[in-house]
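Coordinate inspection notes
Chain by chain, the residues run as shown.
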Amino acid sequence: MGRFIVRRIIQMIFVMFAVSVLTFLIFNVIPNGDPAVRMAGRHESASTIKAIRKEWGFDDPLPQQYVTTMRKVFTGDLKSQFTQLPVGEEIKKGIPRTFSLAIGAALLWMFVAVCFGLYSAVKAGKFADRFLTIIALVGISMPVFWIGALMNYYLGFKLGWFPNGGYVEFGTDPFGWFSHLILPWTALAILFIGFYSRVLRSNVLDTINEDYVRTARAKGLSERQIMVRHVLRNSMIPIITLWGLDFGAVIGGGAILTETVFDLQGVGQYAADAVGQLDVPPVLATTMFAAFFIVLLNAIVDIAYAYLDPRIRLQ
Amino acid sequence: MATEPLAEPAGLQGPAAWEEEAERDRIHGMGPWRLGLRRLRRNKVAIFFGVLFVVLVLSCVAAPIWADRVAHTTWEENHLSDTITVDGKKKNVVSLDGVPIGPQYFKADGKFFLGADRNGRDVMVRLLYGGRNSLMIGFGAAFITVLLSIILGVIAGYFRGWGDGVIRALLDVLWSFPVIILAVALGVALALGGIQLGPITISGDSLAIPVLIIGVVYVPYMARPIRGQVLSLREKEFVEAARAQGAGSLRIMFSEVVPNLSSTILVFFTLLVANAILLESSLSFLGAGVRPPNPSWGTMIDEGIDRIATAPHLTIVPGLMLVLTVLSLNVFGDGVRDALDPRAKVRLEH
């Protein structure tokens, strides 16, 4: 087990290195003229461009540029070209908000998807199954910012059932925190409910035909016990993997649209605001932050699996 | 095996026998495509949504007809200081305090069917042209993804070795980025300078930029399963037979292996178009996709959200068009997959 963990961590570090190189290449080397002009964004003037070229060392050889860029990212020296605020601080401020959104949404979509998926597998081929399948497809066909904006307007603004966007700290007002997050959680979860319930449905349908399910039925277990203990438990395994990865993706900026629509001021919205200004340094930092988080969660999921299933360790 | 009739059935001679023989051949000779088509035709829901998609595409293709014959304007023409005649009364397209006119339906002979936007542009015309742009980006990006994925997947799966290692590592690294973040990063990097690659220059506000970006970011999701299939196909007997006949690698790849991927490619293509249209709208919403004044469903939703409190239809209508288009592609693609290869596992991420 120890050897597996070490090997997996080394692999993770390699992927993170590759991720940082690719991010660097996207912003510094894409063949379209001067990276300093791009970095200056909407505020180009000869003197800013000159200062940026000196600061980022755009005249140096590429490996040197890479080192300069990474040093700026990791020492907290990176500043927004637009507001001049340090990027690291701004991301740190957004993290609790993004986590609040991601954790609640992840729990919600998992719970609802399990209910939907299991129910439509049990009713496979019947009307309820077809109806849920169409609903799931509608869910994955909606842009999250569109349904979010409509929910915010009709349920938040017009009917006044929910606060109209914004975020309240959990520490200051737990109830306000919860009520401000209900709509964002729902909007973000809709897409994933669509995906997960479909995956779970097909997994359950595969598992139902396994020998051990027949054995359980032959032993005289109740249908409910068979479904929950034997079928659902085994159908959940691939879903849990997906869950880990998607959670990482949401934390790493997958919530960029939801946060923006509901004005949650998390990491995603920080990135979105920077995109609107064509402000490169925050976009660069959040891109790397996102990918690092996914790589990290990937490794954690793998290690958890190896712990649960010894066969994986020996591969 | 013993039931296979060796001789012609007795009693039938001449044309009747030939007919029966032809009938038997017809059933035996049904290929996987014919079978798939037959299964698809039985799936009424999929057919309904397939037809709906065609209707949506045709109405967007017909955008110039609506613009010329009905609305008498273009997608970029401002009517800030113009007036139109509604029920015999003259009305400002944009009122003096800056509020644009609401939906007129057919009251003004089809002009401003869905009202005007802040610049006095006809929303219905922009909706149709925006649909054209969204659909073009969807199809263009899906085409690029399919092309790149086939090339990378086939090379990696067929030759294996170090090429496979490099391609797989590259796909793994790309896969580590959430699709939307990678697309946004590329969008920001390309927005100002565009692309200058040797003789090819694409300006930053060209529609080709979102096509390229979306085309690239979905490649890992398709190239990996293609590679996996190629790995198992290359060990099949027909590939061995082709090699024994002296066929070269290129010939084996493109006339033996790729045709066997066609059902996977077809299923991926429909789902890719749907996802590309969705991603286009997200990118445009964030300001890293289609650039104004070009319309697309994404930019129109983005502009609509700013005015949702006074004119919610500006958000709802382009969104509904987009959802219907993506939904019809998803349902139809699902039906195609069930018909051609029910066990295929296809998943794209948003």
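Note that this is a predicted model, so its numbers are computed, not measured.

1. Some points on the overall build of chain A
Within chain A, the regular secondary structure consists of 14 helices and zero strands. In chain A, the succession of helices and strands from N to C terminus is α-α-α-α-α-α-α-α-α-α-α-α-α-α. Burial statistics for chain A: of 315 residues in total, 41% are counted as buried. For chain A, the share of sequence-separated contacts (at least 6 apart) that also reach a separation of at least 24 residues comes to 69%.

2. What to know about the nonpolar core
Residues and elements named next belong to chain B. Grouped together as the largest cluster of nonpolar side chains are 178 residues, with contacts concentrated most on Ala183, Val184, Val188 and Ile214. The greatest single-element share of this core, amounting to 17 residues, is contributed by helix H5 (residues 123-159). The contact partners of Ile214, leaving out residues within four places of it in the chain, are Ile137, Ala141, Ala183, Ala276, Leu279 and Glu280.

3. Looking at helix H12 (residues 262-286) of chain B
End to end, H12(B) covers 35 Å across 25 residues, agreeing with the expected 36 Å (1.5 Å per residue, within 8%). Across the 25 residues that make up H12(B), a large majority, 20, are buried.

4. What to know about the packing of helix H8 (residues 174-208) of chain A against helix H10 (residues 223-254) of chain A
Residues and elements named next belong to chain A. Relative to each other, H8 and H10 sit at 150°, their axes nearing to 8 Å. Taken together, the axes of H8 and H10 lie roughly antiparallel to each other. Two packed elements cross with a definite hand, and for H8 against H10 that hand is right-handed. Counting all contacts with H8, which are made through Phe192, Tyr196, Val199, Leu200, Asn203, Val204, Thr207 and Ile208, the residues of H10 involved are Val231, Asn234, Ser235, Pro238, Ile239, Leu242 and Asp246. When its residues are assigned to classes, the contact of H8 with H10 shows ten nonpolar, four polar and one charged.

5. Notes on the interface of chain B and chain A
Taken residue by residue, the interface counts 41 residues in chain B and 42 residues in chain A. Secondary structure elements with two or more residues in the side of chain B that touches chain A: helix H6 (161-175), helix H7 (179-191), strand E3 (195-197), H12, helix H13 (297-306) and helix H14 (313-340) of chain B. By residue class, the composition of the side of chain B that touches chain A is 29 nonpolar, eleven polar and one charged.

6. Comments concerning the confidence of the model for chain B
All names here are of chain B. Of all residues in chain B, 88% attain a pLDDT of 70 or more, and the chain-wide mean is 83. A low-confidence stretch, residues 1-9 stays under pLDDT 50, and its non-local contacts, those more than four residues away or across chains, total one contact. We note a pTM of 0.87 for the whole complex and an ipTM of 0.88 for its interfaces.

7. Quick word on the environment of Val213(A)
Residue and element names in this part refer to chain A. Mapped onto the secondary structure, Val213 falls in helix H9 (residues 211-219). The partly exposed category is assigned to Val213, around which 17 C-beta atoms lie within 10 Å. Spatially, the C-alpha atom of Val213 lies 52 Å from that of Glu90, the residues being 123 residues apart in sequence.

8. A look at the packing of helix H3 (residues 44-61) of chain B against H14(B)
All names here are of chain B. Viewed as axis vectors pointing N to C, H3 and H14 meet at an angle of 140°, and their least axial separation amounts to 8 Å. One element, H3, and the other, H14, form an angle in the oblique class. Note that H3 runs across H14; the crossing there is left-handed. Only Leu324, Thr325, Ser328, Leu329, Val331, Phe332, Asp334 and Gly335 of H14 make contact with H3, whose side of the interface consists of Val45, Ala46, Phe49, Gly50, Leu52, Phe53 and Leu56.

9. Thoughts on the environment of Arg39(B)
Here Arg39(B) is to be found in helix H2 (residues 32-42). Arg39(B) gets classed as partly exposed once you count the C-beta atoms within 10 Å, which come to 16.

10. A short note on unusual backbone geometry
Trans peptide bonds make up the majority, and among non-glycine residues the majority have a negative phi. For the peptide bond that leads from Pro292(B) to Pro293(B), omega is 5°, which places it in the cis range. By the element assignment, Pro293(B) lies in the loop between H12 and H13. Backbone geometry places Gln84(A), a non-glycine residue, at a positive phi of 65°. Considering the arrangement of structural elements, one finds Gln84(A) in the loop between helix H4 (62-74) and helix H5 (87-122). Despite not being glycine, Asp263(A) shows a phi value in the positive range, around 55°. Assignment of secondary structure puts Asp263(A) in the loop between helix H11 (256-262) and helix H12 (267-277). According to the C-beta neighbour criterion, Asp263(A) is partly exposed, with 15 such atoms within 10 Å.

11. A word on the environment of Arg97(A)
Residue and element names in this part refer to chain A. Within the fold, Arg97 resides in helix H5. Overall, the presence of 24 C-beta atoms within 10 Å leaves Arg97 in the buried class. Taking the C-alpha atoms as reference points, Arg97 and Met39, 58 residues apart in sequence, are found 28 Å from one another. Discounting residues that sit within four places of it in the chain, Arg97 has contacts with Tyr167, Leu264, Gln265 and Gly266.

Each value, and the rule that gives it
Residues numbered from 1 in each chain as written. Chains lettered and ligands numbered in written order. Predicted model: local features only at pLDDT ≥ 70, side-chain atom pairs only at ≥ 80, totals over all residues. Helix = DSSP H or I, 4+ residues; strand = E, 2+ residues; numbered from the N terminus. Buried ≥ 20, exposed ≤ 12 C-beta atoms within 10 Å, placed from the backbone. Contact = placed C-beta atoms within 7 Å. Core = buried A, V, L, I, M, F, W, Y, C linked by C-beta atoms within 7 Å. Expected span 1.5 Å × (residues − 1). Axes fitted to C-alpha atoms, helices over the stretch in contact; angles between N-to-C directions. Parallel < 35°, antiparallel > 145°, perpendicular 65-115°, else oblique. Left-handed = near helix turned anticlockwise from the far one by under 90°. Nonpolar A, V, L, I, M, F, W, Y, C, P; charged D, E, K, R; others polar. pLDDT = per-residue confidence, 0-100.

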